[in-house]
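Examining the three-dimensional arrangement
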Amino acid sequence: MERLIMKDIKKWFDENLKTCLLIDGARQVGKTYVVREFAKRYCKNFIEINFLDNSDARTLFKTAKNAEEILRDLDVLFPGKLVPDETLIFLDEVQECMEIVTAVKFLVEDGNYRYILSGSLLGVKYQNVKSIPVGYMQIFRMYPMNFIEFLMAYGLNDDVLKYLRKCFNDVKQPDEVIHERIMSLFRQFLIVGGMPAAVQRYLETNKFSSVKEIHEYIFDTYRADIAKYDRNKKPQIIDVYERIPDELRSQNKRFNYSSLNIPGKTNFVENTFLWLTHAGVAIPVYNVEEPKYPLRMSASRSLLKLFMNDVGLLNFAYFNDNIQFKILSDSSGVNFGAVYENFVAEELTCNGVTPYYYKSNKLGELDILAEINGKVLPLEIKSGKDYHRHNALNNVLSVRNYDIEKAYVLNCSGKIEKKDRIIYMPVYMAAFIKNNPPADMSVEKDNAPWIVHEDKI
């Protein structure tokens, strides 16, 4: 299955800027697969070391004093495999041997080989790193497959994706047949989600029941990670994680501190949110006091919505409610608001956009706010047919001081239409909301010699 991060890895590899690459992300999002696939396509020689399985390698990196020792011992572990200028060395599960994060500086300086590191819970484990090699490491964050990647895995060709992207950019209504097909796949994606193993199983079996087994395994793996890496607080962190689906189904979808029976809960719960965020298993969406740029300046750390990192895992938690059938049949009268919002929060996060929300007693509540190209973009997500009703959005747009140029109302209709500053479009179009890359800038070099007059010193 093709992953969009492959292009970023290739760009890093081709630039050859004397850095290693660290791919961070939650378990089961496809980190190991994408590195192996990259090596198959572009590398003459490949060595993989898994620190979870290889105790000799853990000992090597924990005790070696310099790059020369490390490379000497690697040559013993992998005789004849180290070929200068041709070998990519993949160090996987580095959370089991965080000493490598410090040692990689010396390996990069040696310059004979290329290095990719990968691991889970790295945001949690960084606190144990003695020295992070600034300038010697690029970090890519990897997520579950987004909707575009799901469509690619399903066999949708690039021409259709380009067509949909053009409809989004030009505010043009897509062909009805294409829209209905994409909406059908969108509903399937809400159930299957983007965990590669779940997507692969669904493509092989076309059965949601078989996908449920994958989701259950991943859910249990996340719980085990929490127990393994924070033994003292594991019951409380697991409690917060397991409450996410129920909290999202509440009326305002905000996480309710009072539901937790924890002494001194405010500070603890805030730290728990950070733990789950750093582990990559949850997406926090913080409240802002005003919908003004930059949003993070007025973000509150005590008011937030907490989403799952994968909408498929969210729907797994709702399995006993038979929500899968309701989603596929597009049951009327069912509020899929939490599921749709989770999807949008995921897509924005995968696209490098931080989601927020806005709540005002006077103006009302906006589902999600994003910053796109230096402007605040409100997003209202509507799962029902009455998507033209959005009082809070109207109220916010009426405040001139907020300087909001446009807003999106994401819904299930196939229509893309613009009314004043509000653009209505299908919910799956959230996949195309991202910042445009900055234009390349060049500065003319000033090669004139520096002349310092002594009387000016």
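Residues numbered from 1 in each chain as written. Predicted model: local features only at pLDDT ≥ 70, side-chain atom pairs only at ≥ 80, totals over all residues. Heavy atoms only, no water.

1. Some details on the overall build of the chain
- From N to C terminus, the chain includes 17 helices and 13 strands.
- Within the span of the chain, comprising 457 residues, buried residues form 52% of the whole.
- For the chain, restricting intrachain contacts to residue pairs at least 6 apart in sequence, the fraction spanning at least 24 positions comes to 72%.
- Accessible surface computed for the chain: about 22,800 Å², of which carbon and sulfur atoms make up 47%. (Helix = DSSP H or I, 4+ residues; strand = E, 2+ residues; numbered from the N terminus. Buried < 20%, exposed > 50% of the residue type's maximum accessible area, 1.4 Å probe, protein only. Contact = heavy atoms within 4.5 Å. Areas by Shrake-Rupley, 256 points an atom, 1.4 Å probe, with all protein chains shown as cover.)

2. Concerning the pattern of salt bridges
- Using the criterion set out here, one finds 20 salt bridges in the structure.
- The salt bridge partner of R27 is E93, with a shortest N-O separation of 3.4 Å. With a gap of 66 residues between them, R27 in the loop between β1 (20–24) and α2 (31–42) and E93 in the loop between β3 (87–92) and α5 (99–110) connect regions that are remote in the sequence.
- Assessed through its relative accessible area of 13%, R27 is described here as buried.
- Residue classification places E93 among the buried residues on the basis of a relative accessible area of 13%. (Salt bridge = Lys/Arg side-chain N within 4 Å of Asp/Glu carboxyl O.)

3. Topic: the sheet that holds strand β2 (residues 45–50)
- Taken in spatial order, the five strands line up as β2-β3-β4-β1-β5 in an open sheet, and their pairing is parallel. With partners counted over all chains shown, the strands left at the sheet margins are β2 and β5 (137–141), one partner each. Strand-to-strand, the axes of this sheet are offset by a mean angle of 20°, without reference to chain direction.
- Here β1 pairs with strand β4 (residues 114–119) via four bridges, running parallel. (Pairing = 2+ DSSP bridges. Axes fitted to C-alpha atoms, helices over the stretch in contact; angles between N-to-C directions.)

4. Quick look at the packing of helix α1 (residues 5–15) against α2
- Packing of α1 against α2 leaves a shortest axis separation of 11 Å and a crossing angle of 55°. One element, α1, and the other, α2, form an angle in the oblique class. Where α1 crosses over α2, the handedness of that crossing is right-handed. For the pair formed by α1 and α2, the contact residues are I5, M6, I9, K10 and F13 on the first element and V34, E37, F38, R41 and Y42 on the second.
- The class makeup of the residues in the contact of α1 with α2 is seven nonpolar, no polar and three charged. (Parallel < 35°, antiparallel > 145°, perpendicular 65-115°, else oblique. Left-handed = near helix turned anticlockwise from the far one by under 90°. Nonpolar A, V, L, I, M, F, W, Y, C, P; charged D, E, K, R; others polar.)

5. Concerning helix α8 (residues 158–170)
- The terminal C-alpha atoms of α8, which comprises 13 residues, lie 18 Å apart, in line with the 18 Å expected from a rise of 1.5 Å per residue.
- Among the residues of α8, V160, L161, L164, C167 and F168 are the ones counted as buried. Viewed along the axis of α8, the buried residues span an arc of 120°, placing them on a single side of the element. Structural note: α8 exposes D159 and N169 on the side pointing more than 90 degrees away from its buried face.
- Among the structural elements, α7 (147–153), α9 (176–192), β11 (407–411) and β13 (422–426) are those in contact with the buried residues of α8.
- Sitting at the head of α8, N157 places a side-chain oxygen 3.0 Å from the backbone nitrogen of D159.
- Trailing α8 by a residue or two, V171 shows a phi angle of about 50°, which is positive. (Expected span 1.5 Å × (residues − 1). Arc of directions from axis to C-beta. Polar contact = N/O pair within 3.5 Å; in protein donor to acceptor, adjacent residues only side chain to side chain.)

6. Description of the packing of aromatic side chains
- Tallied over the full model, the rule gives 22 aromatic pairs.
- Where F46 meets F90, the ring centres are 6.3 Å apart and the plane angle is 20°; that geometry is what we call stacked. Taken together, the residues span a long stretch of sequence, with F46 in strand β2 and F90 in strand β3 at a distance of 44 residues.
- For F90, a relative accessible area of 0% gives the class buried.
- Summarising the aromatic geometry, the rings of F186 and Y340 are spaced 5.5 Å apart at their centres and angled 80° between planes, so their arrangement reads as edge-to-face. In this pair, F186 sits in helix α9 while Y340 sits in helix α16 (residues 337–350), placing the two residues 154 residues apart along the sequence.
- The ring of W12 carries R114 above its face, with NZ or CZ at 4.6 Å from the centroid. (Phe/Tyr/Trp six-rings, centres within 6.5 Å; stacked < 30°, edge-to-face > 60°. Lys NZ or Arg CZ within 6 Å of the ring centre and 35° of its normal.)

7. Comments concerning the pairing of β4
- β4 sits mainly inside the fold: six of its six residues count as buried.
- Burial along β4 is two-sided: R114, I116 and S118 and Y115, L117 and G119, pointing in opposite directions, are all buried.
- The pairing of β3 with β4 spans four bridges and is classified as parallel. The residue of β4 that forms the bridge with L91 is L117.
- Where the polypeptide runs from β3 across α5 and back to β4, its parallel neighbour, the crossover connection is right-handed. (Right-handed = clockwise from strand over helix to strand, strands pointing away.)

8. Considering the nonpolar core
- The biggest cluster of nonpolar side chains holds 125 residues, and the ones touching the most others in it are I9, F147, Y241, L276 and V344.
- Excluding residues within four positions of it along the chain, I9 makes contact with L21, I23, V34, F38, I116 and F140.
- By size, the runner-up hydrophobic cluster in this structure holds 30 residues, among which are F51, A67, V94 and M137. (Core = buried A, V, L, I, M, F, W, Y, C linked by side-chain atoms within 4.5 Å.)

9. Concerning the sheet that holds strand β6 (residues 282–288)
- In space, the eight strands of this open sheet follow the order β7-β6-β8-β9-β10-β11-β13-β12, with mixed pairing throughout. In this open sheet, the two strands that pair with only one neighbour each are β7 (299–308) and β12 (417–419). On average, each strand axis in the sheet is inclined to that of its neighbour by 30°, with strand direction left out of account.
- The strands touched by α16 within the sheet are β6, β7, β9 (364–372), β10 (375–381) and β11, with β7 carrying the most contacts at an inclination of about 105°.

10. Examining unusual backbone geometry
- Here the residue pair Y293 and P294 is connected by a cis peptide bond, since its omega of -5° sits within 30 degrees of zero.
- Within the secondary structure, P294 sits in the loop between β6 and β7.
- At D420, a residue that is not glycine, the phi angle is positive and equals roughly 55°.
- Along the chain, D420 falls in the loop between β12 and β13.

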